[in-house]
Amino acid sequence: MVTDGIVQVDGLKVHYWEAGDPQGKALLLVHGGIGDAALHWDAVMPMLGENFRVLAPDLPGYGGSESLPVMRTDVVLHWLKAFLDVMRVEQAVIVGNAFGGLIARLFAAASPQYVPAVILVNGGGVPDLPALLKLVQRIPALRTLVFSQFGKMATGKGMLKRMIHLETVLTDSFLQQTQLAAPAFAAMMQMLVSSGIPSTQTPLVPTLILWGVNDTFTPLHEGAAVKASIPGATLVEVSDCGHMPQLEAPDVFTWQVNTFLEKLARPPSLSRSGPKMLRNTSG
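The text that follows walks through the structure, step by step, so that each part is easy to find. (Residues numbered from 1 in each chain as written. Predicted model: local features only at pLDDT ≥ 70, side-chain atom pairs only at ≥ 80, totals over all residues. Heavy atoms only, no water.)

**A short note on unusual backbone geometry**
Keep in mind that most residues, glycine aside, have a negative phi and that most peptide bonds are trans. Let me state the cut-off plainly: Secondary structure elements follow DSSP: runs of H or I of four or more residues count as helices, runs of E of two or more count as strands, with numbering from the N terminus. For every residue, the accessible area obtained with a 1.4 Å probe (protein chains only) is divided by the maximum for its type, and the residue is called buried under 20%, exposed over 50%, and partly exposed between those limits.
Phi is positive for Arg88, which is not a glycine, with a value near 60°. Counting through the fold element by element, Arg88 comes out in the loop between α3 (73-86) and β5 (93-97). Residue Arg88 is classed as exposed on the basis of its relative accessible area, which comes to 58%. A positive phi angle, close to 55°, is found at Ala98, a residue other than glycine.

**Observations regarding the side chain of Thr207**
To keep things clear, this is the line we draw: Whenever two N or O atoms come within 3.5 Å, that pair is a polar contact, provided that in protein one can donate a hydrogen and the other can accept it, and provided that, for residues adjacent in sequence, both atoms are side-chain atoms. What makes two residues a contact is simply this: any of their non-hydrogen atoms within 4.5 Å.
Within the secondary structure, Thr207 sits in strand β7 (residues 207-212). Of note is the side chain of Thr207, whose polar atom sits 2.9 Å from the backbone oxygen of Val205. Contacts of Thr207, omitting those with residues within four sequence positions, involve Val118, Leu120, Ile230, Gly232, Ala233, Thr234 and Phe260.

**Examining the pattern of salt bridges**
Pairing between side chains of opposite charge can happen when the charged atoms of each approach one another. Test applied: The salt bridge definition used is simple: a Lys or Arg side-chain nitrogen within 4 Å of an Asp or Glu carboxyl oxygen.
Taken as a whole, this structure holds 2 salt bridges when the rule is applied. Glu18 serves as the salt-bridge partner of Arg53, at 2.8 Å between the closest nitrogen and oxygen. Separated by 35 residues along the polypeptide, Arg53 in strand β4 (residues 53-57) and Glu18 in strand β2 (residues 12-19) bring together distant segments of the chain. Comparing Arg53 with Glu18, the two get one shared label, buried. Its salt-bridge partner being Asp74, residue Arg72 comes within 2.9 Å of it at the nearest N-O pair.

Given below as structure tokens:
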């Protein structure tokens, strides 16, 4: 069963979805920029909930979550940590799609005590922000116009067709939900430009990278670059889907997540070192 709830995090309303055993090992799902948590994770939360406690919050400004009074990258990372604290979760495997992959990566790098493993899905690369955007950021009127247009373009039908390979995903409801997210996505992009990206960027925990190979927005070579930037990371190609494998191939996505985490949960061989077992991390 998937349920939703609202909690207060540092005085702000945070809406989240939850599935699975409240005492189970935790998965924290971080959605991408083109929609809220429900849009990204509805298809897989029931299946993931069979083995894990699954938490999927709406990021600030998305869905039912209030915006942050100060939009900075480090504040968003603190917000995630505070959310886990409120939910009494000591550790959670973090799963991030697209823009959420970057947030997941930065959170794991900054707070390794919270994150025993990371799963990045068609995302997680650290962008090289153009100097022109940094210049635009300094001019209020131009800044508002440019980032607003950026949000609308990123959630427009033409761009979504570049992202999504399985056309049946692109329903009218899906398109409407992505368009509703355009202002929040614009705010997140403006945040990255204005506050920058923290210097601590590399997770030092087991990392799985899942990449839909038919994504023409973030093509496969970007997944290879993410793999090269994270020591020991594993890249798995997911065929016949694009930017959102969890929607386009939910069974394959769930199997890959379960298989990766099952391997980590096995006791290491007595004859050699191995990954530490994942443990029950709910308070």
